[in-house]
Amino acid sequence: MATATTEGTDTQDLAGFGYKQELDRSLGSFSAFAAGFSYISILTGVTALFGFGYLNAGPGVWWTWPVVIFGQILVALCFMEMAGQYPIAGSVYQWSKQLSGRFASWMTGWIYIVGAIVTIAAVAVDWQVVLPQITTSFQFFGTAADAGTTLTKGGAQNALLLGGILVVITTIINMLGVKLMSRINNVGVTAELVGASLLIILLLFHLHQPPSVIAHSYNYGAGHPWGYLGALLVGGLVSAYVMYGFDTAGTLAEETNDPRKHAPPAIIRAIAAAAIIGGLVILLGVMSNKNIADKNIGLLGLPYVIKNAFGNTTGNVFLADTALAIFVCCLAVQTATIRMLFSMARDNRLPFGSAVARVSGHRKVPIVPALVTGFLTLVILAINVGNQSAFYVLTSLAIIMFYLAYLGVTLPMLIRRFRGTWPKKDYGPYFSLGRWGMLVNILAVLYGVLVTINLMWPRNAIYNAVGKAHWYWQWSPEIFVAAILIIGTLYYFLVQNKKSTDVLSEHRSDSQFDLATPVIGDVAP
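Residues numbered from 1 in each chain as written. Predicted model: local features only at pLDDT ≥ 70, side-chain atom pairs only at ≥ 80, totals over all residues. Heavy atoms only, no water.

Asker: Could you clarify how one ought to interpret the packing of aromatic side chains in this entry?
Answerer: Each aromatic ring pair is characterised by the separation of its centres together with the angle its planes make. Here the structure, examined in full by the defined rule, presents 26 aromatic pairs. Arranged with centres 5.8 Å apart and planes meeting at 50 degrees, the rings of phenylalanine 30 and phenylalanine 33 form a pair that is tilted. One end of the pair is phenylalanine 30 and the other is phenylalanine 33, both in helix H2 (residues 29-40) and 3 residues apart, which spans about a single turn. The exposure class of phenylalanine 33 is buried, given its relative accessible area of 11%. A connected cluster of aromatic rings, assembled from ring pairs, spans Tyr39, Phe79, Trp95, Tyr112, Tyr244, Phe246, Phe402 and Tyr406. In this arrangement the basic side chain of arginine 260 is found over the ring face of tyrosine 430, its NZ or CZ atom lying 4.8 Å from the centre. (Phe/Tyr/Trp six-rings, centres within 6.5 Å; stacked < 30°, edge-to-face > 60°. Helix = DSSP H or I, 4+ residues; strand = E, 2+ residues; numbered from the N terminus. Buried < 20%, exposed > 50% of the residue type's maximum accessible area, 1.4 Å probe, protein only. Lys NZ or Arg CZ within 6 Å of the ring centre and 35° of its normal.)

Now the structure itself:
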């Protein structure tokens, strides 16, 4: 009876925003946390880029971790306010819609969708870092020498093949409904939390370096105009790659019971768990190396470190756990992307909106967005099949797009604070930053801008990491972002601006709920 009452209240709450309940509202507080944590996925990000960070900044790359954690906590705190006020599928897009104008919110959603699809591709190729190091039977292209790396031609081709297989699997699961997805995700997150905790404990018994190892540059700053700081700005890609996607708890709000209560704490819990576990894994991973100058640390990354410390058998167990973490991470990223497409299409803000927003069958899942995200990810992988720098390019572009999308919320929120229109007068008893809101918001915006500039800097160390250097790869972030902004702007003013702003009729809430629950909050013109 209590569950039915909660669902009825949540349905009425959603109706207050003009939407009917169509998705399967069946997720609890742990599932909301698990969605955010699996998107961040410590084992996925750290395993994939530990080697890159070490190769460019050495042991001291650890210092980029607390910097990124601090900055993203600031962003998360802003998001927690929005999650409590607007528990609607589509999170970042919906939050931007409540804070800014039509064009700004549409562009935020567009940038987020592009970034999310690129992220799916970037996560999917992570299997190459793990599976071939468990057994070379997973190395279908190249030779055994290509196992575990994306920097060789055979390694890059195999990464894209394994990534394609993973995307097909996650697409099928997402088409089968959120209940199956959440069960698999919960199992995967539990396995990752247990596996990462055991990894930390075992590493404590295999330390060969003192904690002070991270306090030395070891000449990694040589050749950088800014010295060792320049090396950290490059190596910090590992920290930036891990720590985003925590808004997913808000993205699944229409499938979460009592989302105003559960979504905000789920966001900060996901970051807190990832911050502690990730920081310890990186630190102890560095300290467990007998020879800090071993070039294989930078080439083969954390899997090499784990196997050196524990041997092949125990090492393979942890790599298998990491492979599972990569799987559920890819699944969570695609799930969030599907909800974003559904949310924007329901608002009549995407081409073929009725088809894209259609919720099919008793599983209550948007089928078309699942197919679209799967197909477009496979296209991205196919385009990059001949590029050995594809992994670092995809990773960097994905992070850039998310930081821009996050600024699409934190920046208009800051403007509203300066105008005195945020928080709203009818804010209610939900999470609030109170008197700290202005300072946190300013720092969140400043952090987002600075990291975006750093990531977009045309560095050969990232965008021409291997193979022959090409100017178009070096300048790929500027070219890509400019292209996305131009395409989005043209579409908006030539097509979208002429459409009705009303929610599609088949997705509007029932009139009884409209009368029972007024729209909460005002929408900026």
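Asker: Help me out: how do you make sense of the packing of helix H15 (residues 312-346) against helix H17 (residues 367-383) in this one?
Answerer: When two helices pack together, their arrangement is given by the angle between the helix axes and by the axis-to-axis distance. At a minimum axis separation of 9 Å, H15 and H17 run at an interaxial angle of 120 degrees. Viewed along their axes, H15 and H17 adopt a mutual orientation that is oblique. For H15 against H17, the interelement crossing comes out right-handed. Contact with H15, carried on its side by Gln334, Thr337, Ile338, Leu341 and Phe342, involves Pro369, Ala370, Thr373 and Gly374 of H17 and no other residues of that element. (Axes fitted to C-alpha atoms, helices over the stretch in contact; angles between N-to-C directions. Parallel < 35°, antiparallel > 145°, perpendicular 65-115°, else oblique. Left-handed = near helix turned anticlockwise from the far one by under 90°. Contact = heavy atoms within 4.5 Å.)

Asker: Is there a simple way to explain the confidence of the model for the protein chain in this structure?
Answerer: Note: predicted coordinates in regions of low pLDDT should not be interpreted at a detailed level. Per-residue confidence for the protein chain gives a mean pLDDT of 88; residues scoring 70 or more make up 94%. In the model, residues 1-5 has pLDDT below 50 throughout and makes 0 contacts with residues more than four positions away in sequence or in other chains. Below a pLDDT of 50 lies the segment residues 511-525, which in the model reaches 33 contacts outside its immediate sequence neighbourhood of four places, other chains included. (pLDDT = per-residue confidence, 0-100.)

Asker: Help me out: how do you make sense of the pattern of salt bridges in this one?
Answerer: Where side chains of opposite charge bring their charged atoms close, a pairing between them can arise. Inspection of every chain in the model, using the stated rule, returns 6 salt bridges. In this structure, arginine 346 engages glutamate 254 in a salt bridge whose closest nitrogen and oxygen atoms are separated by 2.8 Å. Taken together, the positions of arginine 346 in helix H15 and glutamate 254 in the loop between helix H12 (248-251) and helix H13 (259-287) put the pair 92 residues apart, joining distant regions of the chain. On the accessibility criterion, arginine 346 (0% relative accessible area) is buried. For aspartate 426, the salt bridge identified is with lysine 424, shortest N-O distance 3.3 Å. Classification of lysine 424 as buried rests on a relative accessible area of 7%. (Salt bridge = Lys/Arg side-chain N within 4 Å of Asp/Glu carboxyl O.)

Asker: Quick question: what am I supposed to make of a nonpolar patch on the surface here?
Answerer: On the surface, a cluster of nonpolar side chains totalling about 910 Å² of accessible area is made up of Phe70, Trp436, Leu439, Leu443, Leu446, Val449, Leu450, Ile453 and Trp457. In terms of residue count, the dominant contributor to the nonpolar patch is helix H19 (residues 437-456) (6 residues). (Patch = residues over 30% accessible without salt bridge, like charges linked within 9 Å, V, L, I, M, F, W, Y side chains within 5 Å. Areas by Shrake-Rupley, 256 points an atom, 1.4 Å probe, with all protein chains shown as cover.)

Asker: How should helix H14 (residues 295-310) be read in this particular structure?
Answerer: An α-helix turns once every 3.6 residues. As a result, residues three or four positions apart point the same way. End to end, H14 covers just 19 Å across 16 residues, shorter than the expected 22 Å (1.5 Å per residue, more than 12% under). Bending of H14 peaks at approximately 125 degrees at the position of glycine 301, with proline proline 303 no more than four residues after it. Every buried residue of H14 is listed here: Ile297, Gly298, Gly301, Leu302, Pro303, Tyr304, Val305, Ile306, Lys307, Ala309 and Phe310. Those residues of H14 that are buried are in contact with helix H3 (42-57), helix H7 (127-134), helix H9 (178-203), H13 and H15. Structurally, the start of H14 carries an N-cap: the backbone nitrogen of asparagine 296 is 3.0 Å from a side-chain oxygen of aspartate 294. (Expected span 1.5 Å × (residues − 1). Bend = angle between axes of the 7 residues up to and from the residue. Polar contact = N/O pair within 3.5 Å; in protein donor to acceptor, adjacent residues only side chain to side chain.)

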